[in-house]
Amino acid sequence: MSIGPERSARIAATIESARSVWEATHDTDRLLQWLKDHNCHGTDAVFVTMGLLNCGLGEAGRMFFDAPCRQAEREFHNQVMESLEADSEAL
């Protein structure tokens with residue numbers, strides 16, 4: 001999947017900016033709070049996590065949704081999934 005050169009550059013720059021936070025703490029919650037505080041949200045935050053921690057999409061996604069600072073995103077995700085499940089049962 002190609003995300004485009006501008007987005008790739010932004011993600012690479014954020015990885016480098018966040019590296020000191022990760023190296024100082026090795027705490028994913030602090031990393032994700034830092035990303036949120038620096039307006040890195042959603043898929044970009046997951047991509048930064050993947051790049052910085054050298055992990056896969058599933059693991060980075062779990063870290064994103066498990067972070068306390070991402071409660072709103074987690075609740076939205078759960079509501080969408082519940083709605084999709086209810087819709088599929090109605091068919």
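Residues numbered from 1 in each chain as written. Predicted model: local features only at pLDDT ≥ 70, side-chain atom pairs only at ≥ 80, totals over all residues. Heavy atoms only, no water.

A. Seen up close, the overall build of the protein. A count of helices and strands for the protein gives 5 helices and 0 strands. Moving toward the C terminus, one meets the helices and strands of the protein in the order α-α-α-α-α. Taken along its principal axes, the extent of the C-alpha atoms in the protein is 50 × 30 × 20 Å. Counting every position in the protein, which comprises 91 residues, the buried fraction comes to 30%. Taking contacts inside the protein between residues at least 6 apart in sequence as the whole, the part at least 24 apart equals 47%. (Helix = DSSP H or I, 4+ residues; strand = E, 2+ residues; numbered from the N terminus. Buried < 20%, exposed > 50% of the residue type's maximum accessible area, 1.4 Å probe, protein only. Contact = heavy atoms within 4.5 Å.)

B. Representation of the nonpolar core within the structure. Formed by 22 residues in total, the largest nonpolar core has its most connected members in Ala 18, Leu 31, Leu 32, Leu 35, Val 48, Leu 52 and Leu 53. Of all the secondary structure elements, the ones that give two or more residues to this core are α1 (5-25), α2 (28-37), α3 (42-53) and α4 (57-66). By residue number, the principal contributor to this core is α3, which donates 6 residues. Setting aside residues no more than four positions away along its own chain, Leu 32 makes contact with Thr 49, Met 63, Phe 64, Ala 67, Cys 69 and Arg 70. (Core = buried A, V, L, I, M, F, W, Y, C linked by side-chain atoms within 4.5 Å.)

C. Region of interest: the packing of α4 against helix α5 (residues 71-90). Contact geometry of α4 with α5 gives a least axis separation of 7 Å together with a crossing angle of 110°. Taken together, the axes of α4 and α5 lie roughly perpendicular to each other. Residues Phe 64, Phe 65 and Asp 66 of α4 lie in contact with α5, whose contacting residues are Glu 73, Arg 74 and His 77. In terms of residue class, the contact of α4 with α5 is built from 2 nonpolar, 1 polar and 3 charged. (Axes fitted to C-alpha atoms, helices over the stretch in contact; angles between N-to-C directions. Parallel < 35°, antiparallel > 145°, perpendicular 65-115°, else oblique. Nonpolar A, V, L, I, M, F, W, Y, C, P; charged D, E, K, R; others polar.)

D. Main features of α2. Considered for burial, the residues of α2 that qualify are Leu 31, Leu 32, Trp 34 and Leu 35. On an axial view of α2, the arc spanned by its buried residues comes to 155°, and they lie on one face. Within α2, the exposed residues directed more than 90 degrees away from the buried face are Arg 30 and Asp 37. Residues of α2 that are buried sit in contact with α1, α3 and α4. In this structure Asp 27 caps α2, since a side-chain oxygen of it lies 2.9 Å from the backbone nitrogen of Asp 29. Positive phi appears at Asn 39, one or two residues downstream of α2, with a value of about 55°. (Arc of directions from axis to C-beta. Polar contact = N/O pair within 3.5 Å; in protein donor to acceptor, adjacent residues only side chain to side chain.)

E. Structural detail: the pattern of salt bridges. Counted according to the given criterion, the structure contains 4 salt bridges. Between Arg 10 and Asp 44 there is a salt bridge, with the nearest N and O atoms lying 3.0 Å from each other. Of this pair, Arg 10 sits in helix α1 while Asp 44 sits in helix α3, and the two are 34 residues apart along the sequence. What makes Arg 10 partly exposed here is its relative accessible area of 44%. Between Glu 16 and Arg 19 there is a salt bridge, and its shortest N-O distance comes to 2.7 Å. (Salt bridge = Lys/Arg side-chain N within 4 Å of Asp/Glu carboxyl O.)

F. Highlighting the side chain of Thr 49. With respect to the helices and strands, Thr 49 occurs in helix α3. A distance of 2.8 Å separates the side chain of Thr 49 from the backbone oxygen of Ala 45, its partner in a polar contact.

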